Amino acid sequence: FIDLFAGIGGFRIPLQELNGRCVFSCEYNSFAQKAYELNFGEVPFGDVTKLDLNIIPPHDVLTAGFPCQPFSISGKMKGFEDTRGTLIYSVLQIIEKKHPRVVLLENVKHLLYHDKGRTLKTILTHLEELGYRASYKVLNASDFGVPQNRERIIIVGHKNIKFDFEKLNHQPRPILKSFLEKGGDFEYLNEPYTIIPDHKRQESGLIFIGYRNKRIRKAGVRPGTEHLSRVHKQPNRIYSSEGIHPALPSQETSGRFWIYDEGSVRKLTIKECYNIMGFPQQFLLINNLSELYKQIGNSVCIPMVKEIGVQIIK
């Protein structure tokens, strides 16, 4: 397999566990490149748009957690030339030249609605033009053994048959508490907060148990959203460790979520963030803290990718 937009190896780890062999990797961010080198012994190629396609070895599976960008589509569909200038165009060029047996793409759930659904439709159409039967589904990390409400769209293209998402084996949803460290240099909330006595478990598994007593904008706020920040839409909410955690954000500056555990309110440590993404304990962490939070927030759920890999092999 090849590992495009590789990040810190969220696709590589589970596919290697399934005896897959990575023959090429590509990642633009220099901090992620260093983490990748530390853990896998190779420096990924940098800018995918400057890649000489002839250096990519033959491979069975192409993986890419590509960024979502708008396309300029005017009138008639012109093959994947319509996507020129976007990063998915580079992926489609590789697919056209190398013809892997399977294409595995990942993106945020919003891709479903991006440009009124035209972006997703364009990607699927181009995969089919290149000879693949494409299918997609939004999957939640919490269905694959980690306590995180993280929804991502997965697209699989296969030369002969459509990938059947219904065959994926789901696991019972664990609670956050079992993934937490027993002690450490925790970042506690040192300001007034309110714990809600009659809190309820949401269908997603989240338990909204309290909120910070911050002054928030009241005008024009819909009922039930009073405790959401209006700036980044980053909640001032506090979630119970007896439930699951919201999706880890890719920007630490927008704040991690507060959790209520053992009678105190604190944020997850960086190690706990890697735990709830399913990264192995031996995974090596380098770089400054804000980069580490960014890297894990941009990564993929390891157990989810592994189960997809199992079904791809079958």
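Residues numbered from 1 in each chain as written. Predicted model: local features only at pLDDT ≥ 70, side-chain atom pairs only at ≥ 80, totals over all residues. Heavy atoms only, no water.

**Some thoughts on the nonpolar core**
If you look at the biggest cluster of nonpolar residues, it comprises 45 residues, and the most contacted ones within it are Leu-139, Ile-154, Leu-268, Tyr-274, Phe-279, Ile-296 and Ile-308. In terms of residue count, the dominant contributor to this core is helix H7 (residues 302-313) (five residues). Judged by nonpolar contacts, the second largest core, of 29 residues, contains Leu-4, Leu-62, Ala-64 and Val-103. (Core = buried A, V, L, I, M, F, W, Y, C linked by side-chain atoms within 4.5 Å. Buried < 20%, exposed > 50% of the residue type's maximum accessible area, 1.4 Å probe, protein only. Helix = DSSP H or I, 4+ residues; strand = E, 2+ residues; numbered from the N terminus.)

**A word on the pairing of strand S11 (residues 237-240)**
By the alternation rule, side chains of S11 split into Arg-237 and Tyr-239 and Ile-238 and Ser-240, which are all buried. Two strands pair when backbone bridges link them, and strand S10 (residues 208-212) and S11 are joined in this way by three bridges, in the antiparallel orientation. Residue pairing across strands places Gly-210 opposite Ile-238, the latter belonging to S11. (Pairing = 2+ DSSP bridges.)

**Focus: unusual backbone geometry**
Not every positive phi belongs to a glycine, and Asn-19 is a case in point at roughly 70°. Note that Asn-19 resides in the loop between helix H1 (12-17) and strand S2 (24-26). For Asn-19, a relative accessible area of 73% corresponds to the exposed category.

**Focus on the sheet that holds strand S14 (residues 264-267)**
Read across the sheet, six strands follow the order S8-S14-S13-S11-S10-S9 without closing on themselves; strand pairing throughout is mixed. Every interior strand has two partners, whereas the edge strands, strand S8 (187-188) and strand S9 (193-195), have only one. Direction of pairing for S9 relative to S10: antiparallel, over a ladder of three bridges. Bridging from a neighbouring strand, Tyr-193 pairs with Arg-212 of S10.

**Some details on the sheet that holds strand S5 (residues 133-140)**
The strand order across the open sheet formed by six strands is S2-S1-S3-S4-S7-S5, and the pairing between neighbours is mixed. With partners counted over all chains shown, the strands left at the sheet margins are S2 and S5, one partner each. Put simply, the sheet's adjacent strands are angled 15° from each other on average, direction ignored. Of the strand pairs in this sheet, strand S4 (residues 102-108) and strand S7 (residues 151-158) are connected by seven bridges, and their pairing is antiparallel. In the strand pairing of S7, Leu-104 is matched with Val-156. (Axes fitted to C-alpha atoms, helices over the stretch in contact; angles between N-to-C directions.)

**Section: the environment of Asn-287**
Tracing the sequence through the fold places Asn-287 in the loop between helix H5 (270-275) and helix H6 (289-297). The exposure class assigned to Asn-287 is partly exposed, which follows from its relative accessible area of 26%. Between the alpha carbons of Asn-287 and Ala-32 there is a distance of 8.9 Å; along the sequence they are 255 residues apart. With sequence-adjacent residues up to four places away left out, Asn-287 is seen in contact with Phe-31, Lys-34, Ala-35, Leu-292 and Gln-295. (Contact = heavy atoms within 4.5 Å.)

Geometric values such as these leave the question of function open.
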